[in-house]
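Each chain, letter by letter, is given below.
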Amino acid sequence: MTYRVAQWSTGNVGRHAIAGIDAHPELELVGVWVSTPDKAGRDAGILAGLGRELGVTATGSSEEILALRPDCVVYTAMADDRITEALEDLRRILRSGINVVSSSPVFLQFPDGVVPEQVSGPVRLAAAEGGVSLWVNGVDPGFANDWLPLVLTGVCERIDQVRCLEILDYSTYDNAKVLFEIMGFGQPLTETPLLLRPGVLSLAWGSVVRQLAAGLDVELDELQESHERLAAPATFQIAAGTIAEGTAAALRFEVRGMRGGRPVCVLEHVTRLRPDLGPDWPQPAGQGSYRVEVTGEPNYTLDLRLLGTDGDHNTAGLKATAMRLVNAIPAVVAAPPGLLTALDLPLITGRGLVHG
């Protein structure tokens with residue numbers, strides 16, 4: 001069966017999604033929505049950097065995309081600073097009877113206990129009205145802290161704690177809005193960026209911790225969060241701009257799921273803009289990695305190393321986010337209507353992607 005797919009946005013993740021849709025034997029790209037006028041009218045293959053045309057012209061009209069009646073929309077528009085607009089986009093697409101796989105808003109990965117019902121409820125209602133499903137995922141939040149750790153726990157006798165880490169150097173990640181405005185890199189340590197305001201870490205990654213707990217049949221008492229930042233020892237350049245001496249250049253944070261006064265499910269991020277920063281913090285495997293640590297009987301450490309064919313680990317992370325969504329399209333279309341979690345879907349593989 002061939003599924004007709006539309007791509008919504010062509011940014012850092014969206015362009016990889018277009019490439020993935022084109023490469024997938026069961027998917028057909030039928031439309032592309034773009035947010036900027038200079039991209040409208042251009043071929044999807046060129047926007048995705050494929051160096052060839054796909055015969056699909058991008059449009060800035062959401063009405064045109066909905067009129068195509070695709071089986072699924074891959075929604076990768078950034079929502080960090082436009083959550084209200086993103087939620088309305090998703091509700092509108094769902095009410096139109098179109099399934100959605102999305103990388104945002106991330107709290108919809110597993111919203112129960114993370115956001116109020118008045119936030120997630122209208123999305124569930126829109127899916128029910130349209131008779132379709134929405135699945136929000138990626139690599140983190142996503143695969144690196146849902147099925148990857150859950151599969152590892154299947155060979156445990158006893159589990160005391162499951163810790164999921166992202167350990168990455170973001171210096172090649174070319175997204176100034178995320179790095180500077182949201183994460184606070186390059187800003188004085190006396191200023192509190194959006195990500196580190198009270199409750200925001202739990203809003204963004206609480207879904208990870210609560211879904212992991214649900215997968216282990218553990219009821220959490222509460223979520224706790226903490227963070228630490230380090231200053232740049234000298235001024236240096238990254239892909240997104242300049243990091244001045246004395247401004248934020250490394251960040252480590254945790255969101256801890258607590259039970260009985262101790263952390264049992266933990267999400268930890270270690271983000272550097274230079275590899276020499278925070279030498280006593282966890283170090284990655286290779287250039288960058290996602291790590292799962294299971295403490296119990298026995299103890300396990302599992303590292304998932306990332307590396308794109310261009311030699312950049314951040315390219316691999318963006319590609320992984322895109323392909324987690326793209327490869328799930330057949331399963332999401334086949335699923336009962338509603339707001340899905342990773343726990344609702346079968347194992348998603350790269351079926352049909354092996355080149356002979």
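Bear in mind the structure is a predicted one, so any value in this text is a computation, not a measurement.

Asker: Hey, could you run me through the overall build of the protein chain in this one?
Answerer: Tallying secondary structure elements over the protein chain gives ten helices and 15 strands in all. Since a compact globule built from 356 residues should have a radius of gyration of about 21 Å, the 20 Å found for the protein chain is in line with a globular shape. Taken along the three principal axes of its C-alpha coordinates, the protein chain extends 50 × 45 × 45 Å. The burial tally for the protein chain puts 55% of its 356 residues in the buried class. Residue pairs at least 24 apart in sequence account for 71% of intrachain contacts in the protein chain once pairs closer than 6 positions are excluded. For the protein chain, the accessible surface area stands at approximately 14900 Å², while carbon and sulfur atoms represent 51% of it. Each charge class in the protein chain was averaged separately, 28 positive and 43 negative side chains, and the resulting centres sit 1 Å apart.

Asker: Can you walk me through helix α5 (residues 117–130) in this structure?
Answerer: The α-helix advances 3.6 residues per turn, and as a result positions three or four apart in sequence lie on the same side. Taking 1.5 Å per residue as the helical rise, α5 with its 14 residues ought to reach 20 Å, and the 19 Å between its terminal C-alpha atoms agrees with that figure. Three or more residues of α5 are buried, namely Ser 120, Gly 121, Val 123, Ala 126 and Ala 127.

Asker: Looking at this structure, I do not really get the environment of Tyr 3. What am I missing?
Answerer: The topology assignment puts Tyr 3 in strand β1 (residues 3–8). Looking at Tyr 3, the relative accessible area reads 11%, which means it is buried. Ignoring any residue separated from it by four or fewer positions in sequence, one finds Tyr 3 in contact with Glu 26, Leu 27, Glu 28, Asp 71, Ile 329, Pro 330 and Val 333.

Asker: Even after reading the chapter, I still don't get the packing of aromatic side chains, so can you show me in this structure?
Answerer: A ring pair, where both rings are aromatic, is described by two values, the distance of the centres and the angle of the planes. A full pass over the atoms with the stated rule returns four aromatic pairs. Aromatic side chains Tyr 170 and Tyr 173 sit 5.7 Å apart centroid to centroid with 75° between the ring planes, which places their arrangement in the edge-to-face category. Between Trp 205 and Phe 253 the ring centres are 5.0 Å apart and the planes differ by 50°, which places this aromatic pair in the tilted class. With Trp 205 in helix α8 (residues 200–215) and Phe 253 in strand β11 (residues 248–259), this residue pair connects regions lying 48 residues apart in the sequence. Side by side, Trp 205 and Phe 253 carry an identical accessibility label, which is buried. Ring pairing ties together the aromatic residues Trp 8, Trp 33 and Tyr 75, which thus form one cluster. One Lys or Arg, Arg 274, reaches over the ring of Phe 236 and ends 5.0 Å from the middle of that ring.

Asker: What is the right way to read the sheet that holds strand β13 (residues 289–297) from this model?
Answerer: Pairing within the open sheet is mixed, and its six strands lie in the order β8-β11-β12-β7-β13-β14. Strands at the two margins of the open sheet, each flanked by one partner only, are β8 (222–231) and β14 (300–305). When the angles between neighbouring strand axes are averaged without regard to direction, this sheet yields 15°. Inspection of the sheet shows strand β7 (residues 158–169) paired to strand β12 (residues 262–272) by eight bridges, in the parallel sense. Paired with Glu 166 across the strands is His 269, a residue of β12. Packed onto the sheet, α8 meets β7, β8, β11 and β12 and runs at close to 45° relative to β11.

Asker: What's the story with the pairing of β11 in this structure? I'm lost.
Answerer: It is a general feature of regular strands that their side chains alternate between the two faces of the sheet. The element β11 is extensively covered by neighbouring structure, given that ten of its twelve residues are classed as buried. Bridge analysis of β8 against β11 gives ten bridges, and the strand direction is antiparallel. Across the sheet, the residue bridging to Glu 222 is Met 258, located in β11. Bridge count for β11 against β12 is ten bridges, and the pairing is antiparallel. Bridge assignment links Glu 254 to a residue of β12, and that residue is Glu 268. Adjacent in sequence and paired antiparallel, β11 and β12 are bridged by two residues, among which Gly 260 carries a positive phi angle near 60°.

Asker: What is the right way to read the nonpolar core from this model?
Answerer: In summary, soluble globular proteins display a tendency toward joint burial of nonpolar side chains. In terms of nonpolar packing, the biggest core is built from 83 residues, with Leu 179, Leu 195, Trp 205 and Ile 243 touching the most fellow members. At eight residues, the largest contribution of residues to this core is made by α8. The residues contacting Trp 205, other than those within four sequence positions of it, are Asp 140, Pro 141, Leu 195, Phe 253, Val 255, Leu 267 and His 269. Membership of the second largest hydrophobic core comes to 27 residues, among which are Trp 8, Ala 86, Ile 93 and Leu 94.

Asker: For this particular structure, what's the right way to read the pairing of strand β5 (residues 99–102)?
Answerer: Judged by which residues are buried, β5 turns out to be covered on both faces: Asn 99 and Val 101 on one side and Val 100 and Ser 102 on the other are all buried. Here strand β4 (residues 72–75) runs beside β5; their pairing, made up of four bridges, is parallel. Directly across from Tyr 75, in β5, lies its bridge partner Ser 102. Since β4 and β5 lie parallel, the crossover through helix α4 (residues 83–95) that links them has a hand, and here it is right-handed. As judged from the three bridges shared by β5 and strand β6 (residues 133–136), these two strands associate in the parallel manner. By the bridge assignment, Ser 102 is partnered in β6 with Val 136.

Asker: Can you walk me through unusual backbone geometry in this structure?
Answerer: Cis geometry marks the peptide bond from Ser 104 to Pro 105; its omega dihedral reads -10°. You can see Pro 105 is positioned in the loop between β5 and α5. Note the cis peptide between Asp 140 and Pro 141, where omega equals 0°. Inspection of the secondary structure assignment puts Pro 141 in the loop between β6 and α6 (147–153). In this model, Ser 9 sits at a positive phi of 100°, which is unusual for a non-glycine residue. The residue Ser 9 is located in the loop between β1 and α1 (14–23) in this model. Phi at Arg 69 is positive, roughly 55°, even though this residue is not glycine. Overall, the relative accessible area of 48% leaves Arg 69 in the partly exposed class.

Rules behind the numbers
Residues numbered from 1 in each chain as written. Predicted model: local features only at pLDDT ≥ 70, side-chain atom pairs only at ≥ 80, totals over all residues. Heavy atoms only, no water. Helix = DSSP H or I, 4+ residues; strand = E, 2+ residues; numbered from the N terminus. Rg over C-alpha atoms; globule rule 2.2 N^0.38 Å. Buried < 20%, exposed > 50% of the residue type's maximum accessible area, 1.4 Å probe, protein only. Contact = heavy atoms within 4.5 Å. Areas by Shrake-Rupley, 256 points an atom, 1.4 Å probe, with all protein chains shown as cover. Lys, Arg positive; Asp, Glu negative; His and termini not counted. Charge placed at Lys NZ, Arg CZ, Asp CG, Glu CD. Expected span 1.5 Å × (residues − 1). Phe/Tyr/Trp six-rings, centres within 6.5 Å; stacked < 30°, edge-to-face > 60°. Lys NZ or Arg CZ within 6 Å of the ring centre and 35° of its normal. Pairing = 2+ DSSP bridges. Axes fitted to C-alpha atoms, helices over the stretch in contact; angles between N-to-C directions. Core = buried A, V, L, I, M, F, W, Y, C linked by side-chain atoms within 4.5 Å. Right-handed = clockwise from strand over helix to strand, strands pointing away.

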